[in-house]
Amino acid sequence: CRTLFRQAGVLIVGKVHRKEHLYIVAKGRVEVVTDDGTTIYEAGTVLVSKPGTKRAVLALEDSVCLTVHRTNKHNIMKIEKELIEPDTSALYDSTNKVKELT
């Protein structure tokens, strides 16, 4: 499970996941944009995110969101390789550090 605090007004664009997983709004309200459109979700919402989904999430108020993934791995870099589609244009790695330019 990954927990992410989203301060009101902050927009986060997520990565594309390879496997189905749960997306939970645990606190607050967020506006979520996907290829299917825009929806506002509030605390208590549990969604099943399908493989290949990319979303942008705008926190309408201070919020806490969780993603729940099934894996046997414990190393974040190995987990990301298993669960996330590669994105050579991403500026940050799985630990939210700026990638080194090569």
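Residues numbered from 1 in each chain as written. Predicted model: local features only at pLDDT ≥ 70, side-chain atom pairs only at ≥ 80, totals over all residues. Heavy atoms only, no water.

1. With respect to the side chain of H17
Mapped onto the secondary structure, H17 falls in the loop between β2 (11–13) and β3 (21–27). In this structure the side chain of H17 is engaged in a polar contact, spanning 3.3 Å, whose partner is the backbone oxygen of K15. Among all residues touching H17, those that are not within four sequence positions of it are P51, G52, T53, H69, L83 and I84. (Helix = DSSP H or I, 4+ residues; strand = E, 2+ residues; numbered from the N terminus. Polar contact = N/O pair within 3.5 Å; in protein donor to acceptor, adjacent residues only side chain to side chain. Contact = heavy atoms within 4.5 Å.)

2. Points about the side chain of R55
Inspection of the secondary structure puts R55 in the loop between β6 (45–49) and β7 (56–59). Buried charge without a partner: R55 forms no salt bridge, and the closest opposite charge is D36, 8.7 Å away. (Buried < 20%, exposed > 50% of the residue type's maximum accessible area, 1.4 Å probe, protein only. Lys, Arg positive; Asp, Glu negative; His and termini not counted. Salt bridge = Lys/Arg side-chain N within 4 Å of Asp/Glu carboxyl O.)

3. As for the environment of D62
As for its position among the elements, D62 is in the loop between β7 and β8 (63–68). Residue D62 is classed as partly exposed on the basis of its relative accessible area, which comes to 36%. Expressed as a C-alpha distance, the spacing of D62 and L47, which sit 15 residues apart in the sequence, is 19 Å. Ignoring sequence-local partners within four residues, the contact set of D62 consists of F5, R6, Q7, A8, K27 and G28. For D62, the side chain forms a polar contact with the main-chain nitrogen of A8, separated by 2.9 Å.

4. Observations regarding the nonpolar core
Listed in full, the seven residues of the largest apolar core are Y23, V25, V30, V32, Y41, V57 and C65. Elements supplying a minimum of two residues to this core: β3 and β4 (29–34). Not counting chain neighbours up to four residues away, the residues in contact with V30 comprise R6, V25, T39, I40, Y41, V57, L58, A59, L60, S63 and C65. (Core = buried A, V, L, I, M, F, W, Y, C linked by side-chain atoms within 4.5 Å.)

5. Some points on the pattern of salt bridges
The tally for this structure, following the rule as stated, stands at five salt bridges. Of the charged contacts, one joins K50 and E20 as a salt bridge, the two residues approaching to 2.9 Å between their closest N and O atoms. On the criterion of sequence distance, the pair formed by K50 in the loop between β6 and β7 and E20 in the loop between β2 and β3 is long-range, its members being 30 residues apart. Judged by relative accessible area, K50 falls into the partly exposed class, the value being 46%. Looking at E20, the relative accessible area reads 48%, which means it is partly exposed. The residue E61 makes a salt bridge to R29 at a minimum N-O spacing of 3.3 Å. Here the residue E61 occupies a position in the loop between β7 and β8, and R29 occupies one in strand β4, the gap between them amounting to 32 residues. What makes E61 partly exposed here is its relative accessible area of 33%. Using a relative accessible area of 31% as the deciding quantity, one classes R29 as partly exposed. Connected through salt bridges with shared partners, the residues K19, K73 and E82 form a single ionic network.

Interpretation in functional terms is not warranted from these geometric data alone.
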